[in-house]
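# Examination of the molecular architecture
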Amino acid sequence: MEKASPDCPYPGCFFCVMKEGNPSKRRSSILKFFRELPSQDDDGQVLPISGLWNTAMAHPNDPEFIELGIFECMSALIWKGLKNRRWLSHDQNIYIPYYAAHIIGSYTMNMEEFAESAVHSGVIPPLVELLRGRLTWVEQRVAVRALGHLATYASTFPSVASHGEILELSIQLAMSSLEIVYSHFYQFVDRRLSYHCDLLTRGMGGVEMESRKAEEWASQLQCWSLQLINCFAFKSEFLSTICKPEFLVKLPGMWGGLVNETSPAGIGLLRTICHHKLGRGPVASCPGIIEALCNIACSSDDWQYMAIDCLLWLLQDPSTCHKVIDKAVPALVDLAEISTLGDHKKLGDSIVNVLQECTQSQGTGRNSVSSRTKDQIEEIVNSRHRLKWEKNMPKEDLHIKQAAALVVKLEGNSLFSAGNISGAASKYSEALALCPMRSKKERVVLYSNRAQCHLLLQQPLAAISDATRALCIHNPVNRHAKSLWRRAQAYDMIGLAKESLLDAILFINECSQSTDPDLSLRQNKVPDYAERLVKKQMRAAWLFRDAAVKHGGVHCDGDGGDIYGQETDDSEWETASESDMGNDDQGNGDWKNEDERNDHYDKASIKGVKHGYNVQLMEDDEP
């Protein structure tokens with residue numbers, strides 16, 4: 001190595017070499033540095049490694065270091081850390097295996113030729129050792145990330161797959177990652193390894209920042225494990241290993257949390273599995289998965305379309321259709337009027353076509369479709385016929401139908417204001433039967449109004465169905481504020497915290513962007529009741545909740561619960577009507593029993609309705 005700058009105290013300093021103006025001399029010095037670094041025991045080695053880490057993140061497609069042997073160097077450093085614990089514990093060398101694996105992952109995430117070079121340099125065996133947990137979960141995180149990138153390319157996947165244990169290790173890590181991070185880092189502050197804290201916060205922040213970052217890294221550890229498994233799932237020969245009930249049943253719950261919203265997580269892997277005939281059988285036979293897929297399909301999750309794809313593929317397969325049709329149809333019927341979702345064009349038409357094919361292909365006997373399911377499919381098919389029929393109607397007749405629907409809707413609004421909720425729901429149903437299919441704005445209002453009625457009548461499933469239909473018809477999809485809020489409340493009533501949380505967050509987003517004059521006069525456009533629901537659901541959908549329950553960090557008592565290390569808000573979430581009424585009865589919360597408490601809430605809701613306080617973002621044509 002060339003000697004250092006006169007101002008630098010370190011002989012052979014890497015940073016001085018990088019400043020060398022002669023390109024030939026610079027390349028020669030870097031090549032020598034990569035060759036010699038693994039055999040050196042000098043202090044300060046972590047500094048150039050951290051510099052290389054920053055460079056790899058900032059310029060992952062730059063070929064210079066790849067050509068000069070950075071992969072061989074990083075591989076040797078990981079082996080050194082695994083085999084020489086004395087060296088690993090000296091100075092700050094404990095950081096080096098983490099940085100080395102991260103550098104490998106960064107340089108292989110975009111360029112297939114870089115991945116090929118990495119495999120030829122022997123990076124897979126040391127990465128597998130890190131994946132086994134030879135060091136800690138922090139190194140597992142970057143090892144599974146690097147292996148996931150290497151498995152992405154056709155030319156390097158066989159080298160990854162040749163290490164048969166990688167798939168099994170990834171499956172175990174996906175299932176246990178949250179518990180590992182919780183029990184080895186989050187739960188006990190005094191047991192945290194100092195270098196973990198430094199890595200998570202980059203030297204800034206205290207315990208709170210460490211905890212938040214741990215949640216993000218735990219989410220990434222799980223999602224990157226799923227990404228690696230997903231590479232194997234494209235190959236049918238690995239499906240028997242992946243499609244084990246104990247793993248499949250957990251996949252819908254592996255959503256990454258709000259901190260990792262760009263990852264398709266468990267639903268993405270399920271979609272890959274369902275694309276194979278060999279994968280569809282185990283999915284259809286696994287209890288709970290179809291229900292979970294239906295919930296995701298009818299939610300505002302960014303990966304909603306993936307769940308819909310899974311359900312449609314399962315229905316199109318004769319060997320799985322009869323197993324899922326009765327559970328899948330109610331959800332898909334609610335989605336039948338959706339137009340475009342992501343890259344999916346005319347999605348509603350595809351749904352209706354698949355449902356029609358199902359009824360035609362199903363025979364009699366054990367595999368026959370239930371009469372309820374047939375009726376639901378027939379209803380949707382008839383609505384399509386009605387749409388075609390209306391296209392040929394004179395405009396005058398359509399205007400008459402629309403006017404008649406408006407009259408009936410206003411009758412429903414009057415009944416609603418008078419407290420006759422059942423009567424109002426019937427009127428909204430009558431108005432929907434009259435309202436032309438192309439009058440989408442009116443139909444959004446009618447479905448949303450009926451959803452509110454179902455909420456007050458303690459019928460959450462019906463409320464979810466109507467709110468979902470309103471959100472599918474609305475343009476843009478999933479952006480009708482009232483329907484989002486009503487569905488968030490309904491999901492809360494049946495204990496679906498994640499779905500409720502996503503709807504409540506989108507509702508708040510719509511409020512913040514609203515041009516409604518009532519809201520524009522308020523300094524804070526976000527309603528207090530929505531903030532309270534979000535806080536409640538974030539506790540319930542907390543990434544570490546299951547691990548915390550298992551390890552004694554959460555004491556479950558109903559829906560509440562004291563989460564270890566979390567600041568909890570003990571204020572009870574109230575219904576919209578109670579919030580808007582000003583909490584007249586607040587402080588009188590000691591009910592003799594649950595029935596008395598529910599009766600109080602029902603009366604409060606009706607009281608709010610009578611005084612016009614029950615809804616937010618008030619519009620003239622909605623209750």
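The shown structure was predicted, so the numbers you read here are calculated from the model rather than taken from an experiment.

## Comments concerning the overall build of the protein chain
Along the backbone of the protein chain there are 34 helices and 2 strands. Within the protein chain, buried positions represent 53% of all 623 residues. For the protein chain, the accessible area works out to roughly 28,400 Å², and carbon and sulfur atoms hold 50% of it.

## Some details on unusual backbone geometry
Omega for the bond connecting asparagine 475 with proline 476 falls within 30 degrees of zero, at 5 degrees, which places this linkage in the cis form. By the secondary structure assignment, proline 476 is in the loop between helix H27 (460–473) and helix H28 (481–493). A positive phi angle, near 50 degrees, is found at aspartate 91, a position not held by glycine. With a phi close to 50 degrees, alanine 265 is a non-glycine residue in the positive phi region.

## Observations concerning the environment of methionine 74
For methionine 74, the position within the fold is in helix H5 (residues 70–83). A relative accessible area of 0% means that methionine 74 is categorised as buried. Separated by 40 residues in sequence, methionine 74 and phenylalanine 34 place their C-alpha atoms 8.6 Å apart. Dropping the residues within four chain positions of it, methionine 74 is found in contact with Ile49, Leu52, Ala100, Ile103 and Ile104.

## With respect to helix H26 (residues 440–456)
Taking 1.5 Å of rise per residue, the 17 residues of H26 would be expected to cover 24 Å, and the 25 Å separating its terminal C-alpha atoms lies within 8% of that figure. Extensive coverage of H26 is indicated by the burial of 14 of its 17 residues. Just downstream of H26, glutamine 458 is the residue with a positive phi angle, here 60 degrees.

## Focus: the packing of aromatic side chains
Per the stated rule, a full pass over the model turns up 23 aromatic pairs. With a centroid separation of 5.9 Å and 10 degrees between ring planes, the pair formed by tyrosine 98 and tryptophan 217 is classed as stacked. Taken as a pair, tyrosine 98 in helix H7 (residues 96–108) and tryptophan 217 in helix H14 (residues 207–233) lie far apart in primary sequence, 119 residues in all. Take tyrosine 98: its relative accessible area is 1%, and that puts it in the buried class. On the numbers, 6.5 Å between centres and 80 degrees between planes, the contact of tryptophan 137 with tryptophan 217 is edge-to-face. Taken as a pair, tryptophan 137 in helix H10 (residues 137–152) and tryptophan 217 in helix H14 lie far apart in primary sequence, 80 residues in all. Looking at tryptophan 137, the relative accessible area reads 3%, which means it is buried.

## Quick notes on the packing of H26 against H28
Between H26 and H28, whose axes approach to 10 Å, the crossing angle comes to 25 degrees. With respect to H28, the element H26 is oriented roughly parallel. Here H26 and H28 pass one another in a crossing that is left-handed. Here Ser448, Asn449, Gln452 and Leu455 of H26 lie close against H28, whose contacting residues are Lys482, Ser483, Arg486, Gln489, Ala490 and Met493. Across the contact of H26 with H28, the residue classes break down as 3 nonpolar, 5 polar and 2 charged.

## Here's the deal with the packing of H7 against H10
Between H7 and H10, whose axes approach to 8 Å, the crossing angle comes to 20 degrees. Considered as vectors, H7 and H10 are oriented roughly parallel to each other. For the pair H7 and H10, the crossing hand works out as left-handed. When H7 is examined against H10, the residues Pro97, Tyr98, Ala101, His102, Ile104, Gly105, Ser106 and Thr108 are found in contact with a partner set consisting of Val138, Glu139, Arg141, Val142, Ala143, Arg145, Ala146, His149 and Leu150. The residue inventory of the contact of H7 with H10, partitioned by class, reads 9 nonpolar, 5 polar and 3 charged.

## Observations regarding the confidence of the model for the protein chain
Confidence in the prediction for the protein chain averages 85 pLDDT; 84% of positions are at 70 or higher. Across residues 557–620 the pLDDT falls below 50, and counting only partners more than four positions away or on other chains, this stretch makes 107 contacts in the model.

## A short note on the side chain of histidine 102
The residue histidine 102 is located in helix H7 in this model. When sequence neighbours within four positions are dropped, the list of residues in contact with histidine 102 reads Trp53, Met57, Val142 and Arg145.

## Topic: the pattern of salt bridges
Considering all chains together, one arrives at 26 salt bridges under this definition. Its salt-bridge partner being glutamate 430, residue lysine 427 comes within 3.7 Å of it at the nearest N-O pair. A residue pair is termed a helical-turn pair when its members lie 3 or 4 positions apart in one helix, as lysine 427 and glutamate 430 do in helix H25 (residues 421–434) at 3 residues. Here the residues in one salt-bridge network are Glu129, Arg132, Arg134 and Glu165, joined through shared partners.

## Quick notes on helix H2 (residues 23–36)
An α-helical segment advances 3.6 residues per turn. Residues three or four places apart therefore align on the same side. The first and last C-alpha atoms of H2 sit 20 Å apart over 14 residues, in line with the 20 Å expected at 1.5 Å per residue. Those residues of H2 lying buried are Arg26, Ser29, Ile30, Phe33 and Phe34. Taken down its axis, H2 places every buried residue within 135 degrees of arc, on the same side. Within H2, the exposed residues directed more than 90 degrees away from the buried face are Ser24 and Arg35. On the buried face of H2, the contacting elements are helix H1 (14–18), helix H3 (46–58), helix H4 (64–67) and H5. Its side-chain oxygen at 3.0 Å from the backbone nitrogen of serine 24, asparagine 22 defines the N-terminal cap of H2.

About the thresholds
Residues numbered from 1 in each chain as written. Predicted model: local features only at pLDDT ≥ 70, side-chain atom pairs only at ≥ 80, totals over all residues. Heavy atoms only, no water. Helix = DSSP H or I, 4+ residues; strand = E, 2+ residues; numbered from the N terminus. Buried < 20%, exposed > 50% of the residue type's maximum accessible area, 1.4 Å probe, protein only. Areas by Shrake-Rupley, 256 points an atom, 1.4 Å probe, with all protein chains shown as cover. Contact = heavy atoms within 4.5 Å. Expected span 1.5 Å × (residues − 1). Phe/Tyr/Trp six-rings, centres within 6.5 Å; stacked < 30°, edge-to-face > 60°. Axes fitted to C-alpha atoms, helices over the stretch in contact; angles between N-to-C directions. Parallel < 35°, antiparallel > 145°, perpendicular 65-115°, else oblique. Left-handed = near helix turned anticlockwise from the far one by under 90°. Nonpolar A, V, L, I, M, F, W, Y, C, P; charged D, E, K, R; others polar. pLDDT = per-residue confidence, 0-100. Salt bridge = Lys/Arg side-chain N within 4 Å of Asp/Glu carboxyl O. Arc of directions from axis to C-beta. Polar contact = N/O pair within 3.5 Å; in protein donor to acceptor, adjacent residues only side chain to side chain.

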